[in-house]
Amino acid sequence: MKKILMLIAVVLFFNTACDAKDYAKIQLKELKKSQKYDATEKYYADYSKQDSVALGFEIKDPKLIKLQGYEFVSPDKLKAKYAEDSLKYMQIKNGLCGKKVDNFNAQAYGEDFYNIYKVAERIIRANNLDYLNWKITVEKDVTFNAYSGETNCIVINTGAYDTFSTNEDALALLIGHEIAHSLLGHYARTAQHIRRMNRCNNEETPLAYIIAKRRYISDSKKMEYAADATGAILAARANYNLNNAKDLISFLNTFDDGSEFYDTHPNARHRLENYEEARKNFLESEWRKQGIYNMYKSNVLMPKLSSDRKSIVIPKTPGKTVNNSYKKERVSDFFTRYAYKSYLNGDFKNAEKYWGKLLDIDKNNPVAYLYFSYTEECLYKKTGNAKYLQNAKDFANYAQRLAPENKFIKEQIESL
């Protein structure tokens, strides 16, 4: 066996030595490899699924599914509010940018602090997240990274900030992603996984440790998908452009080798797919209306420089209560959103699935039954299968029992 290994080593040595003399051959091999890892191609890669088709019939939508928690604000009132806020932002900018930078290694530039503050403050106000103090730390580190240090602490490396210092939308998704980790309780979940792994390790049970670690890695990827989607929602509510924000994940794709078995994060291709799939089911226009209203009803949050000289604190608003603070999406809201958007997107089978899930937990929802009827009617028009027509009639009748005076339900019953 040793002789065989020695022979292989000798052959490899001589092959390497021969190749080393042919520099053109080396460059050709590297050129072929570079096609696989082309950074430009990966940056502009589009993994969205273009599966929409012309239906040939009209989709009914009486606009009965709307988000709550906001009121219409007239353009004149908004203009006056924006002018008032702009003056305060100018004061804040002058204060931060006028601060002397006497230690480059310890303190970020005031302008950088202001740019990060401006994006974070807008996300916090638009989403009613000002029920606690948020701490944003800028770490002098060339690596592209950001993370949630604690429940309300976000750390951004200068390597990440510098990359998107001119793209506020991508910076908003970066900050929104880290805030989402906090809102979704990922810090506590991760700590629980680590405690479990440490306990297994201390007890000298290697198999139990391996299982615990695999669970942690798997769960961590799911948390990243959730943070990408929720972070995008937070950014959308703050009226940031999610098309431009996508540059954040596109950039990650340029240095991602695709392997994720041992990694706590999904590869960037899967994150891009998740981002595009999630956006298909977003209520972006409604969220923006919510965000505008929240900004209108709140005051500019004045930042404070932390004593560590590399952090800013965006303080909470006094008097905040659970009633006027951030609300997580409920399971019923999720099912409603996915069912409604799938229906509008022409994905009727998916809509059918989510209307069913919604009605399993909310059996007395006449609007859900009405839209379920619309969905089944579309499936009938698309396939010609009579069972869908009967379903459409049944669901419309269920809806009428719950809301006998609803004119849209009456119209649906008459049309069927």
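Rules of the game
- Residues numbered from 1 in each chain as written.
- Predicted model: local features only at pLDDT ≥ 70, side-chain atom pairs only at ≥ 80, totals over all residues.
- Heavy atoms only, no water.
- Pairing = 2+ DSSP bridges.
- Helix = DSSP H or I, 4+ residues; strand = E, 2+ residues; numbered from the N terminus.
- Contact = heavy atoms within 4.5 Å.
- Axes fitted to C-alpha atoms, helices over the stretch in contact; angles between N-to-C directions.
- Buried < 20%, exposed > 50% of the residue type's maximum accessible area, 1.4 Å probe, protein only.

Let us now look at the sheet that holds strand β2 (residues 146-150). Taking strand neighbours across the sheet as the criterion, the five strands line up as β2-β3-β1-β5-β4 in an open arrangement whose pairing is mixed. Since the sheet does not close on itself, it has two edges, and those belong to β2 and β4 (304-305), each with one partner. Pairing of strand β1 (residues 134-139) with strand β5 (residues 311-314) involves four bridges; the strand directions are antiparallel. If you follow W134 over to β5, its bridge partner there is I314. Most of the contacts of helix α7 (residues 168-183) go to β2, to which it runs at about 30°, and overall it touches β1, β2 and β3 (153-157).

Bringing the pairing of β1 into the picture now. When β1 meets β3, the two strands line up parallel, connected through five bridges. Within β3, the position partnered with I136 by the bridge is I154.

Despite not being glycine, K63 shows a phi value in the positive range, around 60°. Along the polypeptide, K63 turns up in the loop between α3 (39-43) and α4 (75-97). Positioned with a positive phi, N239 is a non-glycine residue whose angle comes to about 65°. As for its position among the elements, N239 is in the loop between α9 (206-237) and α10 (242-245). For N239, a relative accessible area of 41% corresponds to the partly exposed category.

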